Amino acid sequence: MIVCSIVKLVVQVKLLPTPEQAAALEATLHAVNTAADLVSAVAFDQRCFRNYDLREHTYDRIKAECGLAAQAAQHVIKKVADAYRTFHANLRAGNLGAPGAKRRTRAESRPITFRPDAAQPYDDRCLSWQMQARTVSIWTTCGRLKNVAFTGSPEQLKTLAARRKGESDLVARDGGWYLYATCEVPDVPVTEPEGFLGVDLGIANIATTGDGTRHSGKGLNAVRHRNRELRRRLQAKRTKSARRLLKKRRRREARFAADTNHTIAKQIVTEAERTGQGIALEDLQGIRDRVRLRKPQRVTLHSWSFHQLGSFIAYKARRAGIALIHVDPAYTSQQCSACGHTERANRPDQETFLCTSCGFAEHADVNAARNIAARGVAGWAVSHAA
Ligand SMILES: [Zn+2]
């Protein structure tokens, strides 16, 4: 029997509003969040936290006072009710400390507040999508905005066109405008793998697979190096404009890293799909010990980037029904993938693997990837023995 379940996922598209449209969106977020603060104060004063009850107390008022349309007013009230539900659940779970704790008492003593640009949910009545024209029509406090352009990757747009369902959130972030749209996609059953494609993560080569493909980190490392130099120079200056430039560079670097990771993840998943293999990844718990770097900051950066690549691969593999397994990476760089002999001397330098026992020679990263693949096969057999 095949059970086809549904996975909800969020597709993010960037809006490209004109300056006038952007001003209307900004005014709208401010209005709905002012309304949310108002509703929250009423909820707090009257100890009334349920969506339906709150509506009775606040609906007419926020429509009139904040200029909200009916749907927007309902979404604001629900947003407040949801926030209090989360808050109370956190209280019960003791996440804000025991009763009487300072932090907890402070949180309990005043209503929840909302940032002026906190995200706002939209349903199909206040937001419609024109996929062909790549525009949306969206309700604002300045009237309905038509022809607001948006952009996304081909993959995102395809999912959006075929699978969008339910609400979307309007989000202001880093000076840009985004819609986070909920999509429902069928969960693809995992195909029984014929062997595993092992993936070794590193600095010189971001990812190396057991078939010998090396995804070079050259471009990314060059960008990081340039930015590090720039950072050193600018940090000495301590001016406002220097800080701004640094922030901009950091964001650009993060975007470049994410693009690189997406590309690598796609190539790896495509290769596994073509050959019917599963994918074996290193369990990243031990990455800090394995990547020996002098500066702790660099370790953080790289381990963050590895986690991102891992999550991109996991996401794409899941969508394609490809088996994915995480293995213990201990000694994968010192172990011979031909005979199993493990010794530090097997690794005369960074790039070379040369087995002192059987004479097997290979690029060090490729050898490690093959060990990861073998552990993947073993791990899969154990976890699917039944
Ligand atoms: Zn050997």
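Residues numbered from 1 in each chain as written. Predicted model: local features only at pLDDT ≥ 70, side-chain atom pairs only at ≥ 80, totals over all residues. Heavy atoms only, no water.

- The protein carries the name Transposase in an unreviewed UniProt entry, which gives Nonomuraea cypriaca as its organism.

1. Some remarks on the nonpolar core
Nonpolar side chains in soluble globular proteins tend to be buried together.
Step number 1: In terms of nonpolar packing, the biggest core is built from 53 residues, with Leu15, Ile62, Leu68, Trp129 and Leu170 touching the most fellow members.
Step number 2: Examining the composition of this core, we find that 12 residues originate from one element, helix H1 (residues 19-46), more than from any other.
Step number 3: Once residues lying within four places of it in the same chain are set aside, the contact partners of leucine 170 are Leu15, Leu25, Leu29, Ala119, Gln120, Tyr122, Ile138, Trp177, Tyr178 and Leu179.
Step number 4: Val269, Leu281, Ile313 and Ala317 belong to the second largest nonpolar core, which has 21 residues in total. (Core = buried A, V, L, I, M, F, W, Y, C linked by side-chain atoms within 4.5 Å. Buried < 20%, exposed > 50% of the residue type's maximum accessible area, 1.4 Å probe, protein only. Helix = DSSP H or I, 4+ residues; strand = E, 2+ residues; numbered from the N terminus. Contact = heavy atoms within 4.5 Å.)

2. Points about a positive patch on the surface
Step number 1: On the surface, Lys14, Lys248, Arg252 and Arg255 cluster together into a positively charged patch.
Step number 2: The leading source of residues in the positive patch is helix H7 (residues 240-275), at 3 residues.
Step number 3: Considering the arrangement of structural elements, one finds lysine 14 in strand E1 (residues 6-16).
Step number 4: Exposure remark for lysine 14: the relative accessible area of 33% places this residue in the partly exposed category. (Patch = residues over 30% accessible without salt bridge, like charges linked within 9 Å, V, L, I, M, F, W, Y side chains within 5 Å. Areas by Shrake-Rupley, 256 points an atom, 1.4 Å probe, with all protein chains shown as cover. Salt bridge = Lys/Arg side-chain N within 4 Å of Asp/Glu carboxyl O. Lys, Arg positive; Asp, Glu negative; His and termini not counted. Charge placed at Lys NZ, Arg CZ, Asp CG, Glu CD.)

3. Considering H7
Spacing of three or four residues puts side chains on the same side of an α-helix, whose turn is 3.6 residues.
Step number 1: Between its terminal C-alpha atoms H7 stretches 53 Å, which fits the 52 Å expected from 36 residues at 1.5 Å a residue.
Step number 2: Of all the residues in H7, the buried ones are Ala242, Leu246, Glu253, Ala257, Ala258, Thr260, Asn261, Ile264, Ala265, Ile268, Val269 and Ala272.
Step number 3: Glycine 276 lies just past H7 and shows a positive phi near 75 degrees. (Expected span 1.5 Å × (residues − 1).)

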